[in-house]
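Topology and contacts: notes
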Amino acid sequence: MGVGLGVVISYFLLWRGRHFPAFWPQGIVLERLGRATYRSGPDSDSLMLCLQLDTALFRGGLSQSKVRFRRSLPHHKPCPVYALQHPALPKCLLMVQICDSDYSFYGLRTPKGLRTDCSHCKTYGK
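Residues numbered from 1 in each chain as written. Predicted model: local features only at pLDDT ≥ 70, side-chain atom pairs only at ≥ 80, totals over all residues. Heavy atoms only, no water.

Some words on the nonpolar core
Across soluble globular proteins, you tend to see nonpolar side chains buried next to one another. Counting 24 residues, the largest nonpolar core has Leu33, Leu51, Phe58, Leu94, Val96, Tyr103 and Phe105 as its most contacted members. Contributing elements (two or more residues each) for this core: helix H2 (25–35), helix H3 (42–51), strand E3 (81–85), strand E4 (93–99), strand E5 (102–109) and helix H5 (118–121). Once residues within four sequence positions are removed from consideration, Tyr103 is found in contact with Leu33, Ala36, Thr37, Tyr38, Arg39, Thr55, Phe58, Arg59, Val96, Gln97 and Ile98. (Core = buried A, V, L, I, M, F, W, Y, C linked by side-chain atoms within 4.5 Å. Buried < 20%, exposed > 50% of the residue type's maximum accessible area, 1.4 Å probe, protein only. Helix = DSSP H or I, 4+ residues; strand = E, 2+ residues; numbered from the N terminus. Contact = heavy atoms within 4.5 Å.)

This is the structure:
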């Protein structure tokens with residue numbers, strides 16, 4: 001009886017409402033993306049314009065996103081590139097390059113890993 005009461009009390013006092021750091025690789029990548037700021041560049045900006053994607057929409061869908069490590073380039077130089085399956089783009093993988101504390105969009109891929117253009121991926125707003 002005392003152990004059960006102790007568990008309930010410690011849950012409400014210590015763990016409820018607290019955010020613990022990510023443990024699994026997918027959580028680590030998504031957490032890092034959530035803290036990073038967008039780095040503007042010609043390729044990245046044109047991709048965002050073509051996809052009708054903005055930073056608010058991108059960040060809003062991060063919690064439902066999945067990182068596809070088989071399609072990612074974690075050893076890419078100078079910064080790793082991760083393939084994200086974002087809810088705003090269900091037909092494509094959004095390649096995101098993360099450097100230090102900023103990110104940029106690197107390109108688009110099909111779920112099989114082939115390069116594609118944004119006309120194939122546009123489903124948002126339809």
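Observations concerning the sheet that holds E5
Taken in spatial order, the five strands line up as E1-E5-E4-E3-E2 in an open sheet, and their pairing is mixed. Where the open sheet ends on each side, the last strands, each with one partner, are strand E1 (37–38) and strand E2 (66–73). Both E3 and E4 contribute to a ladder of four bridges, which runs antiparallel. Within E4, the position partnered with Tyr82 by the bridge is Val96. Those strands touched by H2 are E1, E2, E3, E4 and E5, and its axis lies near 100° from that of E2. Lying on the sheet, H3 is in contact with E1, E4 and E5; it crosses E5 at an angle near 60°. (Pairing = 2+ DSSP bridges. Axes fitted to C-alpha atoms, helices over the stretch in contact; angles between N-to-C directions.)

Remarks on the packing of aromatic side chains
What the rule picks out here adds up to six aromatic pairs. Ring centres of Tyr103 and Phe105 lie 5.8 Å apart, and the angle between their planes is 70°; this geometry places the pair in the edge-to-face category. Phe105 carries the same exposure label as Tyr103, and that label is buried. Feature note: the residues Tyr38, Phe58, Tyr103 and Phe105 constitute an aromatic cluster, connected by ring pairs. (Phe/Tyr/Trp six-rings, centres within 6.5 Å; stacked < 30°, edge-to-face > 60°.)

Focus: the pairing of E5
The buried fraction of E5 amounts to seven of the eight residues, a majority that puts the element mostly inside the structure. By the bridge criterion, two bridges tie E1 to E5 in an arrangement that is parallel. What sits directly across from Tyr38, in E5, is Tyr103. The antiparallel pairing of E4 with E5 creates a hairpin that spans two residues between the two strands, and Asp100 there sits at a positive phi of about 45°.

Some points on the environment of Tyr103
Mapping Tyr103 onto the fold places it in strand E5. Judged by its relative accessible area of 0%, Tyr103 falls in the buried class. Remark: the alpha-carbon pair of Tyr103 and Ser40, spanning 63 residues in sequence, is separated by 8.8 Å.

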